[in-house]
Amino acid sequence: MLSQPTAADPVAFRAAQPGAEAWVSALCSHPTWSPVQNALKGIAEKMIHSLFLINCSGDIFLEKHWKSVVSQSVCDYFFEAQEKAIDVENVPPVISTPHHYLISIYRDKIFFVSVIQTEVPPLFVIEFLHRVADTFQDYFGECSETAIKDNVVIVYELLEEMLDNGFPLATESNILKELIKPPTILRSVVNSITGSSNVGDTLPTGQLSNIPWRRAGVKYTNNEAYFDVIEEIDAIIDKSGSTVFAEIQGVIDSCIKLSGMPDLSLSFMNPRLLDDVSFHPCIRFKRWESERVLSFIPPDGNFRLISYRVSSQNLVAIPVYVKHLISFKENSSSGRFDVTIGPKQNMGKTVEGVVMTVHMPKAVLNMNLTATQGSYTFDPVTKVLAWDVGKITPQKLPNLKGIVNLQSGAPKPEENPSLNIQFKIQQLAISGLKVNRLDMYGEKYKPFKGVKYITKAGKFQVRT
Amino acid sequence: MLSLPPVQKLLRPKSVVGSDVAKEVTSPVLATEAGPPTCYSALRADELRPLAAPKDEGAASTGQPPRHDDLKEMLDSNKDSLKLEAMKRIVAMIAWGKNASDLFPAVVKNVACKNIEVKKLVYVYLVRYAEEQQDLALLSISTFQRGLKDPNQLIRASALRVLSSIRVPIIVPIMMLAIKEAASDMSPYVRKTAAHAIPKLYSLDSDQKDQLIEVIEKLLADKTTLVAGSVVMAFEEVCPERIDLIHKNYRKLCNLLIDVEEWGQVVIINMLTRYARTQFLSPNQNESLLEESAEKAFYGSEEEDTKDAKAEAASLAKRKPYVMDPDHRLLLRNTKPLLQSRNAAVVMAVAQLYFHLAPKAEVGVIAKALVRLLRSHSEVQYVVLQNVATMSIKRRGMFEPYLKSFYIRSTDPTQIKILKLEVLTNLANETNISTILREFQTYIRSMDKDFVAATIQAIGRCATNIGKVRDTCLNGLVQLLSNRDELVVAESVVVIKKLLQMQPAQHSEIIKHMAKLTDNIQVPMARASILWLIGEYCEHVPKIAPDVLRKMAKSFTNEEDIVKLQVINLAAKLYLTNSKQSKLLTQYVLNLAKYDQNYDIRDRARFIRQLIVPTEKSGALNKYAKKLFLAQKPAPILESSFKDRDHFQLGSLSHLLNAKAVGYQELPDWPDEAPDPSVRNVEVPEWTKCTSREKRKDKVEKPFYSDSEGESGPTESADSEPESDSEESGSSSSSGTSSSSSEEEDEEEEEGGSEEQSEDKEGEEEEEEKRKKKKEKGGPRKASPRSVGSEEEEEAEGKKVKKAAGPQGKKGHAETSSEEASASESSSSGSDSGTEAPTVVEAKRRKVIPSSKAGPKEISLLDLDDFTPPPPQPVPSSSIISTSLVTDLEGLTLTDTSLAPALLSPAFGAVRTYELLHRMAGEGLSVEYCFSRRPFPGDPHMVAVQIQISNNTDAEVKSLRVSEPKLLAGMRIQEFPEIESLAPGDTASVVMGIDFCDSTQAANFQLCTHTRHFYVSIQPPVGELMAPVFMSENEFRKEQGKLTGMSEITEKLTLPEKCRSDHAIVQQVTSAANVGRVPCGADNEYRFAAKTVTSGSLVLITLEWREGAAAQLTVNSEKMVIGTMLVKDIIQALAQ
């Protein structure tokens, strides 16, 4: 971890700085720092202390402190763990350091590292950090390093509003948008000319209402409510093609643009299908319990209404099957690869957007394949084979076949790779869930209502 | 109130500094020069990196330490836009972690800027640097003090927020004042901010603790959901030990919980977990009794005598039967819905609460929600799996149904894979081990070698835990020894070593096989393990062992230290057992070791030589050498690293790290004796509420005391919930109005709203008044105003008396009842309508039973369904009803003699209310229904459904009616007559008829008011689709004879102990279905008969009670579907 500190290399320079303890003692020697010392060792401070955003190359590109300042050097412990983990996915979310605890998440190539000083439920912090990332996504369209850097002032204002003294204050996007307007191209142009700001001129009232998730005074000329029922099939198919595990995970994402304070109720033809449901806070739980109707005053804009699971006890229709033959010959530097994908139980709909990705064993040097449909790529560095199949037509089943070149001299790979399949089926909820009707109360106008069904592959894996 | 003097006072001692500061502020040039040199030395190399956000770095990037002169100029300008630009750049610097402290004087001047955004950014700056420049920061204080008095609540709140975030010890008194002030602010938002400020002040100056606790105490009593989470947070940070502060607020917190925002929920739930551990008894101390009490909820109240006797016996057997505190139950019940939160932290909080507090039988509910979280982000998965791993050790059964959800995908990150493996291993038992092992088999071929190693260890653990599969596992592991991957082999060797230690004698073959491996295997740990095995069991492989030693001696110098140590070990053991063959080899090895680089090995060699090679000098230990080396060694225990981790509160950081984190509060153990539960009683201001509840409690307790304490939980909440609701609404409305009176600008909207509302109300009231008059003239339908919530009970009784008397036409009775009703009404609502009440009530009596004209003087006139208590907890209170019902019935002369009381009472006792429209869903309108089990007057083919509508809103509900029934073919519905209006707090009861066509399909229709439509549906239990018929035993036999073969359904069952009396059986059957008992000659046979309502097909039920608990149930009916469903329902009823 420690390299020669040079002023030219900021990362190394920072890494070489003394640890937190040394830093504290350095501060304490200065008379004006006494309160910091007090805060550090005296009294237990809870919840989130500081936040650092770190990109993949290890630069800290944003820091925010809600309490006294914590030196960046605390991140060295994180870098150490990151190095040890090799893969970004394997960085432990909670790291214990001598004076702090670091709880981090990894989202969109950014590490959100929060500094904690005392006991706190880790999920509390993790969930909050994800909420922060969601908010950035919501505001800037993407949660990337550039977007954050370009909007650093808004980011700062957001963080200021979202957390007070390390405790979440306003995390609902509708409220935040009232406090801090999201940037738009037009507004940034206007702002730069007139010098006006992103901060709302009028102070929000939403925080004070009974429905904290909806902002007040919403007005649309076209009143619309759209619901996307998206179901994902998680499955593990074993070598012989039988299903080891299958389950349907669904969500209903809504885009609601309705004026005023509409009160909606959404009912299903077959609510009993939903085995385990989690709700947006706007949903009246008791109504669901008693009648299986989703009754709610919606937030404005896009949000996830519910997510649900259709239990594995129910039989799950598997829309595709895979015939595969992958073998590596003993004592020769080649192997065979032959995969066919076909439709199965697809309820008469077309399976489209089919993509197969395979992590080939390390011994594979190259692959020489021909695809009857679509195109394939093989990355010799990451050993990932990706085959973009497209639509499956039952008349001519897509097939990918050819030779696998192995490193000469290397032993035959023990394991066969598993195939990860993605697909999409439009206008079908594979569980059979159907929205019965949507009613609106409380407002006079007639909204436009739309429901869309999509089935996708979730974590769909075929073992070979 | 706050005023300026304190600041001046504070500033005075520092007057010298202060004047300097003033100078600095006025002349920025001076300020830079006077700027402390520390800020330069603090500069870092990354200062030199180009700034991303501001377009021009200007002076800052010229190479010299930045002086920010341009920024200062901009800040001093008159234009807001320039100031804003400057502030944005400064904030960007802060975000980058650069030092901008030298700008402090220039920035702090702008704290009073009119522009909101500039102001906000100045606040950001202040909070960041005030600590470093305390004297200058004081200049800004007066601005905040002014802000604290602003009429706009948001400005007040933000002033307090910033003021409390400036960590300058000198302003502690000001902060204290400000917090106290804000804690009694009218705006809940400001109070919330005050709660947030408490821990900030506490961390600044812990001497303020006592005063802060006072504020916390005050805020804890706050009734708004907005404040609850924040103040509990403050409580947890400042005075978590003052658990006594919670007592009075406990029930309120429980009831408010679902409406608190997500983050607050987590904090409150965690606090309540700790609270409950100190205040309640462990629910698992007496499990058998517990189960019984859980079942009691299903019982009707008729068989009290028998049950009383039994319960008494049970309580005699156990001197102190466990009785769950109703408050304990309240907590469990109110947190359960939060398992469906979208927030993983909330779900986890509830899960840990259940794990630590719930009776064993109930903990299972959390499994499903936790498994759901496994679909979330990988960090969430990681934390949840850690907790599941701990839970799955203690409560394996809980997660067993979800076994497959823990199956591993090749795309999971390794840390997730290993945790899932841990859970799978914990879940393994005799029944599922084969599936798990098959699954493990696929894992072993994974590309992820760390994961493969973990899998092998998992197999080892399965093998030790489940004796049945030990050999299979061992064979599998031995096969792995020929794996190409060295890591796999090595791990297998290590695990096999551990397994062999359990039963070494039978496995010399495996040891031989492993001995051969020493030629190939290079992983030190594996080599060491093999050598240890051979040494330990050298007597089982006498021929091979010396040979292995020979080979090892040859390669000794090239071995790793750990291997060398085992070589020495092996040599020593061989020397002791087989000195003839190995004496020289041992000497050789010891000589090599003597000159090893590692002192550990040199020491060991010296020690062993002394011990085993007998010389004159060697001590007394020599003769014990064999005992020392070849002692029986206990087999290692392979156990989960998550074992016993549950002594940390689940979901906590400490649990995750398996080490006590700073500030972790130990979860206290259950107390042996429950502390006084009365501390949680809250005095309710309204006198009537109190008395009515007490009255009811008395009633409940007397008949039920000994056997159904478990139920008092539901009762408790039944009254505490509406109570708190009303309190809440009361407080919020009052705060709303009061704030509107004092606050001007921004409150205007709100005020307008509330005014409008009150106007509306007035208007409505007027209208209502008019309508009342109208109705009193002509319409027979008029509902009496009724109090909500806890009075309902009392009221119901009143009504019952009234109704019982009503049809009989006994004037006197009716009068007393109406008096009673009016008394309760006037006392509860405090309205002055006392004089009006009797007429109203009378009107209501006329209205309530529209069917009264159809058949007067019939028992069916008794509007019994009206007696049923309000859901959601109908059971306990039904006892009151039925007991008083008996007395009511005594005074009646029954005209219809065919209806024996014996038949009646079970039917009545069993009336169950179902919810048609919940109060929340119906926006204050709550509708319940029940099957009254009497013929529907208009149409004999219809099932009569009694519907009770209560208006809990504060507005009148008009034109209540049924519309747009959506029915299946053949089904018909007879709507109840439209209710023209229902006053607030009033309840109306009507009857409608539905012809279900002898099917259990639901009847869907809309319930309309003048403003809203509610979709509702009524689904009948199969037992309600029939009406009792009376026949003799012979008739019964004859009819039964006709209905054999396909029409006969027979099912065997075992009667639970409580159901082994005539009374209980009859009770349960008649509660499950609307059937009449047929007299029967045989002793242990019970017969019932009924006809389906629509088609009139006979349904005959026979229950034969054989020896002990065995019984056989036969149902004969043409309608096979009904027959099958009925059998199911009856068996279920009997099993309860």
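What comes next concerns the included structure. Quick caveat, the model's predicted, so the values are computed rather than measured.

1. Section: the overall build of chain B
Next, step 1: When its secondary structure is counted, chain B shows 49 helices and 15 strands.
Next, step 2: Put simply, chain B has 1136 residues, and 56% of those count as buried.
Next, step 3: Sequence separation of at least 24 residues holds for 69% of the intrachain contacts in chain B that already meet a minimum separation of 6.
Next, step 4: A total of about 47,800 Å² of accessible surface is found on chain B, and carbon and sulfur atoms cover 52% of it.

2. Thoughts on the overall build of chain A
Next, step 1: The number of helices and strands found in chain A is 10 helices and 23 strands.
Next, step 2: The contacts of chain A with a sequence gap of at least 6 include a subset with a gap of at least 24, amounting to 68%.
Next, step 3: About 18,800 Å² of surface is accessible on chain A, with carbon and sulfur atoms providing 52% of the total.

3. So, the sheet that holds strand β15 (residues 334-343) of chain A
Residue and element names in this part refer to chain A.
Next, step 1: A sheet is described by the order of its strands in space; here 4 strands give the open sequence β14-β15-β20-β17, paired in antiparallel fashion. The two strands at the open ends of the sheet, each matched to only one other strand, are β14 (320-328) and β17 (364-371). Neighbour-to-neighbour, the strand axes of this sheet turn through a mean angle of 15°, independent of strand direction.
Next, step 2: Bridge count for β15 against strand β20 (residues 399-406) is 7 bridges, and the pairing is antiparallel. Bridging across to β20, serine 334 finds its partner in asparagine 405.

4. Remarks on helix α35 (residues 579-594) of chain B
Next, step 1: A bend of about 25° at B:Leu585 is the largest found in α35(B).
Next, step 2: Within α35(B) the residues assigned to the buried category are B:Ser582, B:Leu585, B:Thr586, B:Val589, B:Leu590 and B:Ala593.

5. Digging into the sheet that holds strand β8 (residues 1003-1008) of chain B
Residue and element names in this part refer to chain B.
Next, step 1: Strand order in the open sheet formed by 4 strands is β6-β4-β8-β9, with antiparallel pairing between adjacent strands. In this open sheet, the two strands that pair with only one neighbour each are β6 (979-982) and β9 (1013-1018). Between one strand axis and the next, the sheet turns through 35° on average, direction left out of account.
Next, step 2: Note that strand β4 (residues 957-966) and β8 share 4 bridges and pair antiparallel. Note on β8: the bridge partner recorded for valine 962 is leucine 1007.

6. So, empty space enclosed by the protein
Next, step 1: Taken as a whole, the largest cavity holds about 330 Å³ of empty space.
Next, step 2: In terms of lining residues, the largest cavity is bounded by 25 residues, among which A:Glu119, A:Pro121, B:Glu236, B:Asn270 and B:Gln649 are the most central.
Next, step 3: Here the lining of the largest cavity gets 5 residues from one element, more than from any other, and that element is helix α17 (residues 262-279) of chain B.
Next, step 4: Across the lining of the largest cavity, the residue classes break down as 14 nonpolar, 7 polar and 4 charged.

7. Focus: the packing of aromatic side chains
Next, step 1: Across all of its chains, the model carries 27 aromatic pairs over all chains by this definition.
Next, step 2: Both rings, one in A:Phe279 and one in A:Trp288, keep their centres 5.8 Å apart while their planes meet at 65°; by these two values the pair is edge-to-face. Per residue, the accessibility class of A:Phe279 equals that of A:Trp288, and both read buried.
Next, step 3: Between A:Phe423 and A:Phe460, the aromatic rings sit 5.3 Å apart at their centres with planes inclined by 80°, giving edge-to-face as the arrangement. Of this pair, A:Phe423 sits in strand β21 (residues 419-426) while A:Phe460 sits in strand β23 (residues 448-462), and the two are 37 residues apart along the sequence.
Next, step 4: Its relative accessible area of 3% is what places A:Phe423 among the buried residues.
Next, step 5: A:Phe460 sits in the buried class, given a relative accessible area of 2%.
Next, step 6: An aromatic cluster of three or more residues is present, and its members are A:Phe78, A:Phe79, A:Tyr106 and A:Phe111.
Next, step 7: Positioned above the aromatic ring of B:Tyr129 is the side chain of B:Arg128, whose terminal nitrogen or guanidinium carbon lies 4.5 Å from the ring centre.
Next, step 8: If you follow B:Arg680 out to its NZ or CZ, it ends over the ring of B:Tyr250, 5.5 Å from the centre.

8. Looking at the nonpolar core
Soluble globular proteins tend to pack their nonpolar side chains together in the buried interior.
Next, step 1: Formed by 274 residues in total, the largest nonpolar core has its most connected members in A:Phe112, A:Phe136 and B:Phe406.
Next, step 2: Residue contributions to this core peak at 12 residues, all from helix α21 (residues 344-357) of chain B.
Next, step 3: Among residues more than four places away in sequence, those in contact with B:Phe406 are B:Val371, B:Leu374, B:Leu385, B:Val388, B:Phe399, B:Lys420, B:Val423, B:Leu424 and B:Leu427.
Next, step 4: If you look at the next biggest cluster of nonpolar residues, it comprises 75 residues, including A:Val322, A:Met356, A:Leu406 and A:Leu433.

9. Points about a nonpolar patch on the surface
Next, step 1: On the surface, B:Leu621, B:Tyr624 and B:Leu628 cluster together to form a nonpolar patch covering roughly 300 Å² of accessible area.
Next, step 2: Position of B:Leu621 among the secondary structure elements: in the loop between α36 (599-612) and α37 (625-629).

10. Brief notes about the side chain of A:Glu160
Next, step 1: Among the secondary structure elements, A:Glu160 is positioned in helix α7 (residues 152-162).
Next, step 2: Every residue in contact with A:Glu160, bar those within four places of it in the chain, is listed here: A:Lys64, A:Trp66, B:Val124 and B:Arg161.

11. Notes on helix α30 (residues 486-500) of chain B
Residue and element names in this part refer to chain B.
Next, step 1: With 15 residues, α30 should cover 21 Å at 1.5 Å per step; its first-to-last C-alpha distance of 20 Å lies within 8% of that length.
Next, step 2: In terms of burial, α30 is a largely internal element, 12 of the 15 residues being buried.
Next, step 3: Within the sequence span of α30, burial applies to Val488, Val489, Ala490, Glu491, Ser492, Val493, Val494, Val495, Ile496, Lys497, Leu499 and Leu500.
Next, step 4: The elements touched by buried residues of α30 are α28 (449-465), α29 (470-480), α31 (508-517) and α32 (524-536).

12. Comments concerning the interface of chain A and chain B
A common way to report how large an interface is uses the accessible area buried once the components associate.
Next, step 1: Contacts between chain A and chain B engage 124 residues on the former and 122 residues on the latter.
Next, step 2: When residues of chain A are sorted by the area they lose upon contact with chain B, A:Glu119, A:Leu123 and A:Phe167 head the list and together hold 6% of the total.
Next, step 3: Counting across the chain A and chain B interface gives 11 salt bridges.
Next, step 4: Where A:Asp234 meets B:Arg375, a salt bridge forms, and the shortest distance between an N and an O atom there is 2.7 Å.
Next, step 5: Taken together, the links from chain A to chain B amount to 36 residue pairs in polar contact (both at pLDDT 80 or more).
Next, step 6: Counting residues per element, the side of chain A that touches chain B draws most heavily on helix α5 (residues 122-140) of chain A, at 8 residues.
Next, step 7: For the side of chain A that touches chain B, the residue count by class is 54 nonpolar, 32 polar and 38 charged.

13. Structural notes on the pattern of salt bridges
Next, step 1: All chains considered together, the criterion is met by 55 salt bridges over all chains.
Next, step 2: With a shortest N-O distance of 3.8 Å, A:Arg107 and A:Asp108 are connected by a salt bridge.
Next, step 3: Of the residues examined, A:Arg107 reaches a relative accessible area of 11% and is grouped as buried.
Next, step 4: A:Asp108 sits in the partly exposed class, given a relative accessible area of 41%.
Next, step 5: A salt bridge links B:Lys209 to B:Glu241, with the nearest nitrogen and oxygen atoms 3.0 Å apart.

14. With respect to the packing of helix α6 (residues 80-95) of chain B against helix α8 (residues 116-129) of chain B
All names here are of chain B.
Next, step 1: Packing of α6 against α8 brings their axes to within 9 Å, and their N-to-C directions diverge by 35°. Regarding α6 and α8, the two cross each other, and that crossing is left-handed. Mapping the contact onto sequence places Asp80, Lys83, Leu84, Met87, Lys88, Ile90, Val91 and Ile94 in α6 and Glu117, Val118, Leu121, Val122, Val124, Tyr125, Arg128 and Tyr129 in α8.
Next, step 2: Taken together, the residues of the contact of α6 with α8 sort by class into 11 nonpolar, no polar and 5 charged.

15. Topic: the pairing of strand β4 (residues 101-107) of chain A
All names here are of chain A.
Next, step 1: Of all 7 residues that make up β4, 6 are buried, and the element is covered over most of its length.
Next, step 2: Hairpin connection between strand β3 (residues 94-96) and β4: a loop of 4 residues separates the two successive antiparallel strands.
Next, step 3: Bridge analysis of β4 against strand β5 (residues 110-116) gives 7 bridges, and the strand direction is antiparallel. By the bridge assignment for β5, isoleucine 105 is matched with phenylalanine 112.
Next, step 4: Taken together, β4 and the strand that follows it, β5, pair antiparallel across an intervening segment of 2 residues, in which aspartate 108 is found at a positive phi of about 45°.

16. Here's the deal with the pairing of strand β2 (residues 925-935) of chain B
Residue and element names in this part refer to chain B.
Next, step 1: Counting buried residues along β2, 10 of its 11 residues qualify, which places the element largely inside the surrounding structure.
Next, step 2: Here strand β1 (residues 913-917) pairs with β2 via 4 bridges, running antiparallel. Paired with tyrosine 914 across the two strands is tyrosine 929, which belongs to β2.

Criteria and thresholds
- For every chain, the first residue of the written sequence is number 1, and numbering continues from 1 along that sequence.
- Chains and ligands are labelled sequentially in the order written, the chains with letters from A and the ligands with numbers from 1.
- pLDDT decides what is reported in this predicted model: residues at 70 or higher carry local features, side-chain atom pairs at 80 or more are listed and counted, and totals for whole chains, interfaces and linings draw on all residues regardless.
- Just so you know, side-chain values use all the structure's heavy atoms and leave hydrogens and water out.
- In this text, helices come from DSSP runs of H or I with a minimum length of four residues, and strands from runs of E with a minimum of two, each type numbered from the N-terminal end.
- The rule is simple: take the accessible area with a 1.4 Å probe, protein chains only, and divide by the maximum for that residue type; under 20% is buried, over 50% is exposed, in between is partly exposed.
- We call two residues in contact when some of their heavy atoms are within 4.5 Å.
- Residue burial considers only the protein chains on display, and all accessible areas are found by Shrake-Rupley using a 1.4 Å probe.
- Pairing between two strands is assigned when DSSP locates at least 2 bridges connecting them.
- Fitted lines through C-alpha atoms give the axes, limited to the stretch in contact for helices. The angle between two N-to-C directions lies from 0 to 180 degrees.
- Two axes define the bend at a residue: one fitted to the seven residues ending there, one fitted to the seven starting there, and the bend is the angle between them.
- Only protein atoms enter the 1 Å grid used here. Points where a 1.4 Å probe fits but cannot escape make up a cavity, open sets with protein on both sides within 12 Å along at least five of seven lines make up a pocket, and a residue lines them when an atom lies within 4 Å of a point.
- Grid points are joined across faces, edges and corners, and a volume is the space filled by probe spheres set on the points.
- Amino acid classes used here: Ala, Val, Leu, Ile, Met, Phe, Trp, Tyr, Cys and Pro are nonpolar; Asp, Glu, Lys and Arg are charged; the rest, including Gly, are polar.
- Only the six-membered ring of Trp is used, alongside the rings of Phe and Tyr, when aromatic pairs are assigned; centres must lie within 6.5 Å, and planes under 30 degrees apart are stacked while those over 60 apart are edge-to-face, with the rest tilted.
- Placement of a charge over a ring requires the Lys NZ or Arg CZ to be within 6 Å of the ring centre, with the centre-to-atom vector within 35 degrees of the ring normal.
- By convention a nonpolar core is built from buried Ala, Val, Leu, Ile, Met, Phe, Trp, Tyr and Cys residues, the set being connected through side-chain atoms within 4.5 Å.
- What makes a patch is a set of residues exposed beyond 30% relative accessible area and free of salt bridges, joined within 9 Å when like-charged and within 5 Å when nonpolar (Val, Leu, Ile, Met, Phe, Trp, Tyr).
- Definition used for salt bridges: Asp or Glu carboxyl oxygen within 4 Å of a side-chain nitrogen of Lys or Arg.
- Here the expected length of a helix is defined as 1.5 Å per residue gap, with one fewer gap than residues.
- Accessible surface is computed with a 1.4 Å probe, and the buried area is the amount of it that two parts give up when combined, taken over both parts together.
- Under this definition, polar contacts are N or O atom pairs within 3.5 Å; protein pairs additionally need one hydrogen-donor-capable and one acceptor-capable atom, and for neighbouring residues in sequence, both atoms have to be side-chain atoms.
- Note: crossing handedness is left-handed where the near helix turns anticlockwise from the far helix by less than a right angle, and right-handed where it turns clockwise.

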